[in-house]
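# A closer look at the structure
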Amino acid sequence: MRKIAAVMLLVLLVAGCSKEPTPQDRLTKYIALWNEQKFEQMYDYLSTDAKEKITKEEFTNRYHKIYKDLQITDLKIDFKKPKEDKQAEKEQAHYSFDAKMNSIAGPIQFTYEAKLQKEERADKKNWYVDWNTGFIFPKMQKGDKIGIDTIAPKRGEIIDRNEIGLAVNGQVYEVGVVAGKVTDQTLEPLASLLKMSPEQIKKALSASWVKPELFVPLARVAIQDEERIAQLIALEPVQTRKVEARIYPYEKAAAHLIGYVGPITADELTKLKDKGYSSNDMIGKRGLEQVYDEQLKGKPGVKITIKKKSGEAELLAEKPVEDGKTIKLTIDADVQAAIFDELGKEAGTGAAINPVTGETLALVSSPSFDPNQAMLGFSAAEWKALQDNKKQPLSTRFRMTYAPGSVMKPITAAVALSSGAITPDVAVPIQGKKWQKDKSWGNYFVTRVHAGTAPVNLEKAFVFSDNIYFAQAALKTGKDAFVNGLKKFGFEEELAFPFPLETSTIGTLDREIALADSGYGQGQIQMSIVHLLSAYTPFVNNGNMVKPILLAEEQQGQVLKEAVVSAEQAGVIAADLRKVVGDPGGTAHAADIKGYPLAGKTGTAEIKQKQGETGTENGWFIGYNTESPSLMVAMMIENVQGRGGSQVPVKKVKKVFEMVR
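Overview of the structure. Note that the coordinates shown come from a computational prediction; the quantities given were computed from them, not determined experimentally. (Residues numbered from 1 in each chain as written. Predicted model: local features only at pLDDT ≥ 70, side-chain atom pairs only at ≥ 80, totals over all residues. Heavy atoms only, no water.)

## Here's the deal with the overall build of the protein
Applicable threshold: In this description a helix means any DSSP run of H or I spanning at least four residues, a strand means any run of E spanning at least two, and both kinds are numbered starting from the N terminus. Radius of gyration here is computed from C-alpha atoms only, and the compact-globule reference equals 2.2 Å multiplied by the residue count raised to the power 0.38. The classification of residues rests on relative accessible area computed with a 1.4 Å probe and restricted to protein chains. Under 20% of the type maximum is buried, over 50% is exposed, and intermediate values are partly exposed. We call two residues in contact when some of their heavy atoms are within 4.5 Å. The Shrake-Rupley method, run with a 1.4 Å probe sphere, supplies the accessible areas, and residue values consider only the shown protein chains as cover. A positive count includes Lys and Arg, and a negative count includes Asp and Glu. His and the chain ends are not counted in either. Taken as the charge location is NZ of Lys, CZ of Arg, CG of Asp or CD of Glu.
Secondary structure assignment for the protein yields 23 helices and 25 strands. What you see for the protein is a C-alpha radius of gyration of 38 Å, clearly larger than the 26 Å of a compact globule of 661 residues, by over 25%. The burial tally for the protein puts 50% of its 661 residues in the buried class. Considering only contacts within the protein whose residues lie at least 6 apart along the sequence, 67% involve residues at least 24 apart. By element, 49% of the accessible surface of the protein is carried by carbon and sulfur atoms, the whole surface being about 32,600 Å². Separation between the mean location of the 87 positive side-chain charges and that of the 84 negative ones in the protein comes to 3 Å.

What follows is the structure, encoded as C-alpha cells:
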C-alpha cells in the first residue's frame with residue numbers, strides 16, 4: 001500500500017509541474033506589469049505577429065511618450081477572470097478588460113478586447129498577447145497620432161467699485177521683421193525705436209526656428225504710441241500685428257496697487273510647477289496681479305484627440321477652459337486718481353477709506369512707474385533709471401510703516417482717557433517751548449511749536465498739536481497701560497488685509513524718554529497708512545475700530561476691535577479733531593472748506609539718528625467729514641522740511657476733498 005501511495009503522489013507531482021499556463025494567468029500578469037508601467041517587460045508577452053509590427057524600443061518609447069505627454073496618472077487596468085473558461089483548450093483566447101486613467105484633459109476610460117495566441121517557444125507552449133495600437137486607446141490605429149490642443153483662458157480683470165477697469169484685457173502691437181530683409185542701414189534705427197541693442201535683434205533673427213521670409217517678433221508697443229509705430233512701419237522690413245495683452249487704464253495712478261504681468265521666469269516656474277503653470281504663462285509680478293494671480297489666470301482648456309491619416313480626429317478627452325475670476329475692489333478709481341494727481345512729483349503715499357463700512361477707496365504710492373511699459377518690457381536703460389531714482393518709484397509706500405508724528409496723538413489721547421491718566425477739561429500747566437521730566441533726562445527735551453504760559457487742556461493740545469501735553473499723557477498712562485492700549489488699536493498685530501502690509505510696531509519703551517516720545521508719534525512708533533486710517537475709525541463709530549476691506553465681496557462694517565475707547569471719549573476726541581481744522585488757530589485750518597465740516601489731524605515726523613541733529617521731515621494729514629463720514633483721506637509726504645511741514649499734505653488733501661466730495 002505504501003508503494004502504491006508513493007507512486008500516486010509522484011504522478012500528481014509530475015502532473016502539477018507539467019501543467020500548462022492558462023491564458024487568464026498570462027493576461028493577469030501582463031496587466032499587472034501594465035499597471036506598474038513596466039513597458040519593457042510587457043513587450044516580452046507579445047505574440048510573434050505583434051513583435052513583427054513593432055520593435056521593443058518603439059513599443060516602450062511610444063507608451064512612455066504618450067503617457068508623459070498626456071500626463072497620465074492613476075492608471076488602473078482591470079481584468080476579471082471568468083469563472084468558467086474553456087478557451088485554454090483552444091489555440092486562441094479573447095478577454096475583455098477595463099482601463100481607467102486621469103490625463104491632462106481629465107479622465108479617460110475604455111473597455112477593450114485582448115486576443116491571446118498560444119505559441120511554442122523553446123520547446124514550451126505559452127500564451128502571448130496579440131497586441132495592437134487599440135491597447136493604447138481603442139480608436140487608435142497604426143499611423144495615428146495623439147493631438148493635444150490647449151485653449152488659453154482669459155485672464156480675469158480687476159475692476160473698481162463702479163466696475164471701471166483697473167487691469168483689463170486689450171491689444172497691443174507686436175512689432176517684428178521679415179527674416180532676411182534686415183539690412184545694416186535699417187538695423188540701427190530699428191534698434192533705437194524698439195529700445196533694443198543691435199545684438200539683441202541679431203540674436204532673435206539667428207534663432208534655430210527662423211527661416212527666410214518668416215515673421216520674427218521682436219517687441220510689443222502700445223497701440224497709443226502712434227508716432228513710434230508710424231516710424232517703425234516706415235522701415236521696410238518691419239511688420240506689425242495686433243495681439244492680446246494686459247492694459248492698465250489708470251497707468252501710474254494705480255501701478256503699485258494693481259501691479260502688472262510679465263513672462264514667467266525659470267525660477268518662478270520651479271516654485272509654481274505644482275500649480276498648473278507652464279513656461280508660456282504670463283504671471284503677476286507685483287501688486288494685486290501677483291497677490292491674486294492664481295484666481296486671475298484661470299485654467300486652460302485641453303482637448304486630446306486621435307488624429308487619423310484621413311485628417312479626421314477622434315475626441316479622447318476634453319477639459320473645458322475656465323476663464324480667470326474678475327476681482328472687484330472697493331477702490332474708487334476717481335479717488336485713486338485724485339490722490340495720485342495731488343501727490344504729483346512728491347515722494348509719499350495717500351490712502352482713503354469709508355470709515356463706517358471699512359471700504360478702502362484708494363491706495364496710492366508716489367512717485368510711480370508705467371505698468372503698461374512694465375508689461376511690454378522695460379529696456380535696460382529704463383529699468384536702471386527706475387532703480388537709480390533717489391525717490392524710489394518702485395517702492396510701494398502704502399504698504400510700508402513710518403513714524404506717524406502728531407497724527408498719533410488722537411490714539412494716545414484715547415489710551416490715556418481710557419486709563420484715566422488724563423481728563424479732557426483738566427488743564428496741564430506747561431511753561432515755555434521745552435520740557436523735560438527731570439534732570440535724569442540730561443540734555444534731552446521735548447519741544448513744542450506753540451510756546452505759551454497758559455495751562456493746556458486736551459482741546460488746546462489738539463488744536464495747537466502740543467507735543468509736551470501728549471508726552472506727559474503717555475508718561476502718566478505708564479508703559480504697560482500705554483502698550484496695552486496701543487495693542488487694542490492693532491499695534492504689533494498683522495492687519496488682515498488682502499494686500500500684504502507691514503505690521504505697525506511700538507518698539508522698545510525701556511526708558512521714560514522713549515515712552516514720552518511715543519506719545520506724540522516719535523520714538524520707535526511705526527504705522528502703515530492703512531492702519532492709521534483704521535485706527536481713526538473709532539472716532540466715527542462710537543469707539544469701535546472698523547476692519548479695512550479691499551474686496552467688494554467682503555462684508556462691510558466689520559468691527560475689528562470693539563470699544564477701543566468709550567463712545568463718550570470717542571465723541572470728545574472727534575469734536576477736538578473738528579476744531580483742529582475749524583479753529584482759526586488750528587494746525588489744519590488751511591484744510592477748512594465752507595459748508596463741508598472736516599475734522600482731522602496734522603503730523604510732522606522728524607527722521608534723525610540722534611538728539612540735536614537736523615533730520616528730514618515727513619508731513620502727515622488725515623481728515624474726514626464729520627456730518628457725512630463716508631470718506632476719510634490720509635496722506636504722507638516725505639522731505640517737507642523747509643516747505644511748511646505738514647501744511648504740504650494739508651493743502652493737497654483739501655483739494656482731494658474738493659474734487660471728489
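Picking up where we left off.
## Quick word on the packing of helix H16 (residues 409-419) against helix H18 (residues 467-477)
Formally: Note on method: axes are straight lines fitted to C-alpha atoms, helices fitted across the in-contact stretch only, with angles between N-to-C directions ranging 0 to 180 degrees. By the definition adopted for this analysis, an angle is roughly parallel if under 35 degrees, roughly antiparallel if over 145, roughly perpendicular if from 65 to 115, and oblique otherwise. Two helices that cross are described as forming a left-handed crossing if the nearer one is turned anticlockwise from the farther one by less than a right angle, and a right-handed crossing if clockwise.
Following both chains from N to C, one finds H16 and H18 inclined at 40°, their axes separated by 9 Å at the closest point. Judged by the angle between their axes, H16 and H18 are oblique. Crossing angle aside, the handedness with which H16 passes H18 is left-handed. Counted together, Lys 409, Thr 412, Ala 413, Val 415, Ala 416 and Ser 419 of H16 and Asn 467, Phe 470, Ala 473 and Thr 477 of H18 form the full contact between these two elements.

## A few points about the pattern of salt bridges
As a reminder, the rule being used: We define a salt bridge as a side-chain nitrogen of Lys or Arg found within 4 Å of a carboxyl oxygen belonging to Asp or Glu.
Tallying each qualifying case throughout the model produces 30 salt bridges. For the salt bridge of Arg 155 with Glu 289, the shortest nitrogen-to-oxygen distance reads 3.1 Å. With Arg 155 in the loop between strand S5 (145-151) and strand S6 (158-159) and Glu 289 in helix H11 (residues 287-291), the pair connects residues that are 134 residues apart, well separated along the chain. Residue classification places Arg 155 among the buried positions, given a relative accessible area of 12%. Here Arg 220 and Glu 174 are joined by a salt bridge, their closest N and O atoms 3.8 Å apart. Residue Arg 220 is located in strand S8 (residues 215-221), and its partner Glu 174 is located in strand S7 (residues 165-178); the two are separated by 46 residues in the primary sequence. Salt bridges here are not isolated pairs; linked through shared partners, they connect Arg 155, Arg 246, Glu 289 and Asp 293.

## Describing the sheet that holds strand S3 (residues 106-121)
Inclusion rule: One bridge is not enough; two strands pair if DSSP finds at least two bridges between them.
Reading across the sheet, the four strands line up as S1-S2-S3-S4 and stay open at both edges, with antiparallel pairing between neighbours. Of all the strands in the sheet, the pair left with one neighbour each is strand S1 (73-78) and strand S4 (124-129). Adjacent strand axes in the sheet meet at a mean angle of 25° when their direction is disregarded. In the sheet, S3 pairs with S4 via six bridges, with the strands oriented antiparallel. Bridge pairing in S4 links Lys 118 to Trp 127.

## A few points about unusual backbone geometry
The omega torsion across Ser 366 and Pro 367 is 0°, close enough to zero to call that bond cis. The topology assignment puts Pro 367 in the loop between strand S16 (360-366) and helix H14 (371-376). Phi is positive for Glu 251, close to 45°, though the residue is something other than glycine. Along the polypeptide, Glu 251 turns up in the loop between strand S9 (238-247) and helix H9 (255-258). Residue Glu 251 is classed as partly exposed on the basis of its relative accessible area of 45%.

## What to know about the sheet that holds strand S13 (residues 313-319)
Judged by pairing direction, the sheet is antiparallel, and its three strands sit side by side in the order S5-S12-S13 without closing on themselves. The open sheet is flanked by S5 and S13, the only strands paired with a single partner. When the angles between neighbouring strand axes are averaged without regard to direction, this sheet yields 20°. Where strand S12 (residues 301-307) meets S13, six bridges bridge the pair, whose relative direction is antiparallel. Bridge pairing in S13 links Lys 303 to Glu 318.

## Re the side chain of Thr 186
Keep this limit in mind: Polar contacts here mean pairs of N or O atoms no more than 3.5 Å apart (in protein, one a potential hydrogen donor and the other a potential acceptor; neighbouring residues in sequence count only if both atoms are side-chain atoms).
Here Thr 186 shows up in helix H6 (residues 184-194). Thr 186 sits in the buried class, given a relative accessible area of 15%. Within polar-contact distance, the side chain of Thr 186 engages the backbone oxygen of Thr 183 at 3.1 Å.

## Thoughts on the packing of H16 against helix H19 (residues 479-488)
Think of two packed helices as two axes; the pair is described by the angle between the axes and how far apart they sit. This is how it is decided: For this classification, Asp, Glu, Lys and Arg are treated as charged, while Ala, Val, Leu, Ile, Met, Phe, Trp, Tyr, Cys and Pro are nonpolar and the rest, including Gly, are polar.
Running from N to C, H16 and H19 point in directions that differ by 120°, and their axes come no closer than 9 Å. Considering their axes alone, H16 and H19 lie oblique with respect to each other. Seen from above, H16 lies across H19 with right-handed handedness. Seen from H16, the contacting residues are Ile 411, Thr 412 and Val 415; seen from H19, they are Ala 481, Phe 482, Gly 485 and Leu 486. For the contact of H16 with H19, the residue count by class is five nonpolar, two polar and no charged.

## What about H16?
When you tally the buried positions in H16, you get nine out of eleven residues, the bulk of the element. Of the positions making up H16, those classed as buried are Lys 409, Pro 410, Ile 411, Thr 412, Ala 413, Ala 414, Val 415, Ala 416 and Leu 417. In the segment just after H16, Gly 420 is the residue with positive phi, at about 85°.

## Structural notes on the nonpolar core
Convention followed: Each nonpolar core is a collection of buried residues, namely Ala, Val, Leu, Ile, Met, Phe, Trp, Tyr and Cys, held together in the definition by side-chain atoms within 4.5 Å.
Residues Ile 258, Leu 329 and Ile 339 are the most contacted members of the largest nonpolar core, which totals 129 residues. Of all hydrophobic cores here, the second largest spans 43 residues; its members include Tyr 43, Leu 46, Ala 93 and Ala 99.

## Concerning the packing of aromatic side chains
Going by this rule: Here the aromatic set is Phe, Tyr and Trp, taking the six-membered ring for Trp, and pairing holds for ring centres within 6.5 Å; pairs whose planes are under 30 degrees apart are stacked, those over 60 apart are edge-to-face, and all others are tilted. Sitting over a ring, as applied to charges here, requires NZ of Lys or CZ of Arg to be within 6 Å of the ring centre and within 35 degrees of the ring normal.
Under the defined criterion, the tally for this structure stands at 26 aromatic pairs. Note on Trp 435 and Trp 441: the rings are 5.4 Å apart at their centroids and 80° apart in plane angle, and the pair reads as edge-to-face. An aromatic cluster is present here, built from Tyr 30, Trp 34, Phe 39, Tyr 43, Tyr 45, Phe 59, Tyr 63, Tyr 67, Phe 97, Tyr 112, Trp 131 and Phe 135 joined pairwise through their rings. One residue, Lys 434, lies across the ring of Phe 445, its end atom 4.4 Å from the ring centre. Here Arg 661 stacks its cationic end above the ring of Tyr 596, 5.2 Å away from the centre of that ring.

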